[in-house]
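So the chains spell out like this:
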Amino acid sequence: MSQKKIFIITGDYSGDKHASGVVKELKKISDDYIIEGIGGINLEQTGIKLFSNQNKMNAMGMTPKTVIEHFTLGKRIVNYLKNDFKPDLVLLVDYGAFNLAISKVLKKEGIKTFYFIPPQIWASRKWRLKTIKKNIERVFTIFPFENKFYEKEGIKTTYSGHPLIKELPAPVNRQDFFKKHNLDLNKKLIGIFPGSRMFEIKYLFKIFEGAAKLIEKRLSDVQFVFSLSENLKDDAYKTSYKVIKGENHALLSASDALILASGTVALEAALYKTPMIIAYKGPFLFYLIYLLVRTIDKACLVNIITGKNAVPEFLMYDATSKKIADKIIEILTDENIRNKQIEALIETKALLGDKHCVEVVAKKINEELTNG
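Residues numbered from 1 in each chain as written. Predicted model: local features only at pLDDT ≥ 70, side-chain atom pairs only at ≥ 80, totals over all residues. Heavy atoms only, no water.

### Remarks on the nonpolar core
The following threshold applies: We define a nonpolar core as any set of buried Ala, Val, Leu, Ile, Met, Phe, Trp, Tyr and Cys residues linked to one another through side-chain atoms lying within 4.5 Å. Partly exposed residues are those whose accessible area sits between 20% and 50% of the maximum for their type, while under 20% is buried and over 50% is exposed, using a 1.4 Å probe and protein chains only. In what follows, residue pairs with any heavy atoms lying within 4.5 Å of each other are defined as contacts.
Counting 88 residues, the largest nonpolar core has Phe7, Ile77, Leu91, Phe116, Leu260, Met276 and Ile365 as the members making the most contacts within it. Residues in contact with isoleucine 365, not counting those within four places in the same chain, are Ile6, Val22, Leu26, Tyr33, Leu89, Leu91 and Phe114. Residues Ile190, Val222, Leu228 and Ile259 belong to the second largest nonpolar core, which totals 32 residues.

### Quick look at the packing of aromatic side chains
Note the following rule: Aromatic rings from Phe, Tyr and Trp, with only the six-membered ring used for Trp, were paired whenever their centres fell within 6.5 Å, and each pair was classed as stacked if the ring planes differed by under 30 degrees, edge-to-face if by over 60, and tilted otherwise. Strands here mean DSSP runs of E at least two residues long; helices mean DSSP runs of H or I at least four residues long; both are numbered from the N terminus.
Applying the stated criterion to the full structure yields 13 aromatic pairs. Pairing tyrosine 80 with phenylalanine 85 gives two aromatic rings, centres 5.9 Å apart and planes at 10 degrees, and the pair type is stacked. This pair shows no difference in class: tyrosine 80 is buried, exactly as phenylalanine 85 is. Each ring, one from phenylalanine 224 and one from tyrosine 241, has its centre 5.4 Å from the other, and the planes form 65 degrees; the classification is edge-to-face. In this pair, phenylalanine 224 is assigned in strand S9 (residues 222–228) and tyrosine 241 in the loop between S9 and strand S10 (242–245), connecting sequence segments 17 residues apart. Ring pairs connect the aromatic residues Phe205, Phe224, Phe226, Tyr237 and Tyr241, which therefore count as one cluster.

### Considerations on the packing of helix H4 (residues 96–108) against helix H5 (residues 128–135)
Any two packed helices are characterised by how steeply their axes cross, that is the angle between the axes, and by the distance between the axes. The cut-off we apply is this: Every axis in this analysis is a line fitted to C-alpha atoms, fitted for helices over the stretch in contact. Angles between the N-to-C directions lie between 0 and 180 degrees. Definitions for this section: a left-handed crossing has its near helix turned counterclockwise from the far helix by less than a right angle. A right-handed crossing has that turn clockwise.
Closest axis-to-axis distance for the H4/H5 pair is 9 Å, and the angle between their directions is 40 degrees. The hand of the H4/H5 crossing is left-handed. Contacts from Gly96, Ala97, Leu100, Ser103, Lys104 and Lys107 in H4 reach Arg128, Thr131, Ile132, Lys134 and Asn135 in H5.

### Looking at the pattern of salt bridges
Rule in force here: Between Lys or Arg on one side and Asp or Glu on the other, a salt bridge is scored when a side-chain nitrogen of the former is within 4 Å of a carboxyl oxygen of the latter.
Enumeration according to the criterion identifies 14 salt bridges in this entry. In this structure, the salt-bridge partner of lysine 112 is glutamate 368, at a minimum N-O distance of 2.7 Å. Of this pair, lysine 112 sits in the loop between H4 and strand S5 (113–116) while glutamate 368 sits in helix H16 (residues 357–371); the two residues are 256 residues apart in sequence, bridging distant segments of the chain. Three or more residues joined by partner-sharing salt bridges are found here, namely Arg218, Lys322 and Asp326.

### Considering the side chain of arginine 138
Worth spelling out the cut-off: All tallies of charge rest on Lys and Arg as positive and Asp and Glu as negative; His and the ends of each chain are not included. In the analysis that follows, any N or O atom pair within 3.5 Å is treated as a polar contact, provided that within protein one partner can donate a hydrogen and the other can accept it, and provided that, for residues neighboring in sequence, both atoms belong to side chains.
Looking at where arginine 138 falls in the secondary structure, it is placed in strand S6 (residues 138–141). Here arginine 138 occupies a buried position and makes no salt bridge, while the nearest side chain of opposite charge, glutamate 368, is found at 5.2 Å. For arginine 138, the side chain forms a polar contact with the side chain of threonine 158, separated by 3.0 Å. What arginine 138 contacts, discounting residues up to four positions off in sequence, is Thr113, Phe114, Tyr115, Lys156, Thr157, Thr158 and Lys364.

### Some details on the pairing of S9
Heads up, the condition is: Two strands form a pair only when DSSP identifies at least two bridges running between them. Look down the strands so they point away from you; if the path from the first strand over the helix to the second goes clockwise, the crossover is right-handed.
S9 sits mainly inside the fold: seven of its seven residues count as buried. The two faces of S9 match: Val222, Phe224, Phe226 and Leu228 on one face and Gln223, Val225 and Ser227 on the other face are all buried. Relative to S9, strand S8 (residues 188–193) runs parallel, the two sharing five bridges. Across the sheet, the residue bridging to glycine 191 is valine 225, located in S9. Since S8 and S9 lie parallel, the crossover through helix H9 (residues 198–218) that links them has a hand, and here it is right-handed. By the bridge criterion, four bridges tie S9 to S10 in an arrangement that is parallel. Bridging from a neighbouring strand, phenylalanine 226 pairs with valine 243 of S10.

### What about the side chain of glutamate 36?
Mapped onto the secondary structure, glutamate 36 falls in strand S2 (residues 33–39). Within polar-contact distance, the side chain of glutamate 36 engages the side chain of tyrosine 80 at 2.5 Å. Apart from the residues lying within four places of it in its own chain, the contact partners of glutamate 36 are Ile6, Phe7, Ile8, Ile48, Lys49, Tyr80 and Phe85.

### Considering helix H1 (residues 13–29)
Given 3.6 residues to a turn, an α-helix orients residues that are three or four positions apart in the same direction. Convention followed: The span one expects for a helix is its residue count, reduced by one, times 1.5 Å.
The end-to-end C-alpha distance of H1, which contains 17 residues, comes to 25 Å, matching closely the 24 Å that a straight helix rising 1.5 Å per residue would cover. Buried within H1 we find Gly15, Asp16, His18, Ala19, Ser20, Gly21, Val22, Val23, Glu25 and Leu26.

### Description of the sheet that holds strand S11 (residues 257–261)
Here six strands make up an open sheet; going across it, the order is S10-S9-S8-S11-S12-S13 and the pairing parallel. Of all strands in the sheet, those with a lone pairing partner are S10 and strand S13 (313–315), marking the two edges. Each strand of the sheet is rotated relative to its neighbour by a mean of 20 degrees, with strand direction disregarded. Running over the sheet, H9 touches S8, S9, S11 and strand S12 (276–280) and is turned about 170 degrees from S9.

### So, the sheet that holds strand S4 (residues 89–93)
The strand order S3-S2-S1-S4-S5-S6-S7 describes an open sheet built from seven strands, whose pairing is parallel. In this open sheet, the two edge strands, each paired with only one partner strand, are strand S3 (49–53) and strand S7 (157–159). The average undirected angle you get between the axes of adjacent strands in this sheet is 15 degrees. Here strand S1 (residues 4–9) pairs with S2 via six bridges, running parallel. Of the residues in S2, the one forming a bridge with phenylalanine 7 is glutamate 36. On the sheet, H1 packs against S1, S2, S4 and S5 and is oriented at approximately 175 degrees with respect to S2.

### Details of the environment of leucine 352
Topologically, leucine 352 is positioned in helix H15 (residues 335–352). Residues leucine 352 and alanine 257, 95 residues apart in the sequence, show an inter-C-alpha distance of 22 Å. Not counting chain neighbours up to four residues away, the residues in contact with leucine 352 comprise Ile142, Phe143, Pro144, Tyr159, His162, Ile165, Leu267, Leu271 and Ile305.

### Observations concerning H4
A rise of 1.5 Å per residue sets the reference length of H4, with its 13 residues, at 18 Å; its end C-alpha atoms lie 19 Å apart and thus fit the reference within 8%. For H4, the set of buried residues is Gly96, Phe98, Asn99, Leu100, Ile102, Ser103 and Leu106. Once H4 ends, the next one or two residues include glycine 110, with phi positive near 75 degrees.

In structure tokens:
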């Protein structure tokens, strides 16, 4: 095979990490690929040439400064691809707003474009399907239910499997974890995750702390640990409860029940088969916008994947300490309720399958560039 050129565009740390896995798999397949891209430490460590570091792309908020920087970078990328690098294929990874915008220009230039971890059009902003249909030649989905949305529009779609299937650390040894953090093995552990962003902490922390206080008034054999995300300051929480920083996966797997801010953490908990509730609360305007653009009526990935209401969801004004406490107590004391949810968590893992997503993407790219 003559040398083929691939350009990869990522915009944040997770995209960079997944893209680096694809590069590693491509290198296993063939030494003939010339790969460049935009990424961070993970792509850099694969040895490929970076056109630009993604640091500026990952800036928080759409300020005039970041908009200008994104626009300028987009022009530079297109000029480079069109006039210098001339890739056989561009792989977009996540980072929807920027990558969808640049896909329009790539299409005009006749550059073949694939998308790995596309925007979650199944959750909101379904109109993005038009842009994807017009400009993207193949989409690699990470949830099995996504395919129907793309295939209905005639978009070539491959279910690659979810990155967590292969990336999630093994469950921690419960006894070792309890000993390390001076926890009581005779008491049930409730792990509490108020979120990884300060605005989430602002809206959810006091509600979750209030739930813990209500639970311990009614149950004597419980203990609580708050998880503190590594990106937050050590004093982000003001609480008398135990706080552990940077051990999310260990706490998820060692807990008997979980109180979670809505997000990917619920899927991680599901893969550990740990029963949970999820909650979300934020500014009313944000919630109103969410109601206007959403395309499904479920928030928890477990419920979306299985099509069931297995994990209790407490959103906005439903997110009260009492409602959360009542449901956690049910999960801890009613075996039927607990086991029913665990069955759904097991089903979630089965539906996701055991595909290694980066391997699937690399093989399909190789197939495309080899067979034309």
